[in-house]
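# Summary of the model geometry
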Amino acid sequence: MLDTACREAIARLWARKLDQDARKLPKAQRHRNLHPATAEFVCALATGLESRNLVDVGGSSGISTIALAAAARTTNGRVVSIEIEPARQAEARATLAELGLDAVTRFVLDDAARVLPALEPADFVMLDCEKDDYVGFFDLLRLARGAVVVADNVLSHGLTEYVAHVRRRSGAESVTLPIGKGIEVTRLP
Ligand SMILES: C[S@@+](CC[C@H](N)C(=O)[O-])C[C@H]1O[C@@H](n2cnc3c(N)ncnc32)[C@H](O)[C@@H]1O
């Protein structure tokens, strides 16, 4: 579960995102963040599943990484947070350090396409990057038995191709939940 400090940090990041949206800043200047309700959910889910090898694809300024690291702190696990944009990751790094979550987080500044094939098998993955990459990145994941993959924006962006793709995977169970911008939660065999 997220503690008060984590919730406050997430609320601050989310308020900034809403303010940038309201001011209609150019897209490149706006932060795109995970909805706080989704952060609560993935933290609770990863904690309940006792996930210990967690991966955040598209960590950006940190909401999803806070959520997964808070779970990892409880489960004695670790998070790999992958982000391609240096300034975004630098901010996440500072925030996670303030929250005392840096000890359970490894930040990787690179293209997830290069990073994912070399990681240890994960038991919990959050996909929140460019939507055109979801299918390809899902296929690049190295997953432990019973791993869970959560993909954000499936309702806000109508990610039907991704949803169909994961549901075709043999033995996978998958459900769309109307939390935040809509998430696809997929459990692999
Ligand atoms: C929607 S934002 C992620 C928000 C973040 N999960 C949060 O909770 O605040 C998407 C992020 O994915 C990053 N990204 C896009 N393509 C990537 C790639 N190939 N590898 C790593 N990160 C990538 C972007 O730079 C951007 O910061």
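In case you missed it, the structure is sitting above this.
Notes on the structure follow. Keep in mind that this is a model prediction, so the values were computed, not measured. (Residues numbered from 1 in each chain as written. Predicted model: local features only at pLDDT ≥ 70, side-chain atom pairs only at ≥ 80, totals over all residues. Heavy atoms only, no water.)

### A closer look at the site of the ligand
Neighbouring residues of the ligand: 19 residues in total, closest Asn33, Gly58, Ser64, Glu83 and Asp128. Between the ligand and glutamate 83 there is a distance of 2.5 Å, counted from an oxygen atom to a side-chain nitrogen or oxygen. Contact between the ligand and aspartate 111: a nitrogen atom at 2.8 Å from a side-chain N or O atom of the residue. Surface burial for the ligand is 93%, taken as the share of its 610 Å² of free accessible area covered by protein chains. Considered class by class, the residues forming the shell around the ligand number six nonpolar, six polar and seven charged. (Near = heavy atom within 4 Å. Polar contact = N/O pair within 3.5 Å; in protein donor to acceptor, adjacent residues only side chain to side chain. Areas by Shrake-Rupley, 256 points an atom, 1.4 Å probe, with all protein chains shown as cover. Nonpolar A, V, L, I, M, F, W, Y, C, P; charged D, E, K, R; others polar.)

### As for the sheet that holds strand S5 (residues 143–151)
If you walk across this open sheet you meet the seven strands as S3-S2-S1-S4-S5-S7-S6, and the pairing is mixed. Two strands in the sheet have a free side with no partner beyond their single neighbour: strand S3 (105–109) and strand S6 (173–177). Between one strand axis and the next, the sheet turns by 15 degrees as a mean value, whatever way the strands run. The pairing of strand S2 (residues 78–83) with S3 spans five bridges and is parallel. Its bridge partner being in S3, valine 80 is matched across the sheet by arginine 106. (Pairing = 2+ DSSP bridges. Helix = DSSP H or I, 4+ residues; strand = E, 2+ residues; numbered from the N terminus. Axes fitted to C-alpha atoms, helices over the stretch in contact; angles between N-to-C directions.)

### Things to note about the packing of aromatic side chains
For the structure on display, the rule yields two aromatic pairs. Look at tyrosine 134 and tyrosine 162: their rings are 5.4 Å apart centre to centre, the planes differ by 80 degrees, and that puts the pair in the edge-to-face class. Within this pair, whereas tyrosine 134 is found in helix H6 (residues 134–140), its partner tyrosine 162 is found in helix H7 (residues 160–168), the two being separated by 28 residues in sequence. Assigned by exposure class, tyrosine 134 and tyrosine 162 land together as buried. Residues phenylalanine 138 and tyrosine 162 carry aromatic rings whose centres are separated by 6.0 Å and whose planes lie at 85 degrees to one another, so their mutual orientation is edge-to-face. Here phenylalanine 138 is found in helix H6, whereas its partner tyrosine 162 is found in helix H7, with 24 residues between them in sequence. Residues phenylalanine 138 and tyrosine 162 agree in their burial class; the two are buried. What links up through ring pairs into an aromatic cluster is the set Tyr134, Phe138 and Tyr162. (Phe/Tyr/Trp six-rings, centres within 6.5 Å; stacked < 30°, edge-to-face > 60°. Buried < 20%, exposed > 50% of the residue type's maximum accessible area, 1.4 Å probe, protein only.)

### Some details on the pattern of salt bridges
In the structure shown here, the tally under the stated rule is eleven salt bridges. With a shortest N-O distance of 3.1 Å, arginine 73 and aspartate 3 are connected by a salt bridge. You can see arginine 73 sitting in helix H3 (residues 63–75) and its partner aspartate 3 sitting in the segment before helix H1 (4–22), a full 70 residues away along the chain. Judged by its relative accessible area of 33%, aspartate 3 falls in the partly exposed class. Arginine 30 is the partner of aspartate 21 in a salt bridge, and the nearest nitrogen-oxygen pair spans 3.5 Å. Relative accessible area serves as the criterion here: at 22%, arginine 30 is assigned to the partly exposed category. (Salt bridge = Lys/Arg side-chain N within 4 Å of Asp/Glu carboxyl O.)

### Observations regarding the packing of H1 against helix H4 (residues 86–98)
Across the interface, H1 lies against H4 with an axial gap of 11 Å and an inter-helix angle of 150 degrees. As far as their axial angle goes, H4 and H1 are roughly antiparallel. Across the interface between the two elements, Ala9, Arg12, Leu13 and Arg16 of H1 pack against Glu91, Thr95 and Glu98 of H4. Across the contact of H1 with H4, the residue classes tally to two nonpolar, one polar and four charged. (Parallel < 35°, antiparallel > 145°, perpendicular 65-115°, else oblique. Contact = heavy atoms within 4.5 Å.)

### Description of the nonpolar core
In this structure, Ile66, Phe124 and Val150 are the most contacted members of the largest nonpolar core, which totals 33 residues. Elements with a contribution of two residues or more to this core: H1, helix H2 (36–48), H3, H4, strand S4 (122–127), S5 and strand S7 (183–187). With eight residues, H3 is the largest single contributor of residues to this core. Phenylalanine 124 has contacts with Val42, Leu45, Ala46, Leu49, Ser51, Asn53, Leu54, Val55, Leu68, Val148 and Val150, leaving out every residue within four places of it along the chain. Formed by 27 residues, the second largest nonpolar core is a distinct cluster that contains Val55, Val57, Val135 and Val163. (Core = buried A, V, L, I, M, F, W, Y, C linked by side-chain atoms within 4.5 Å.)

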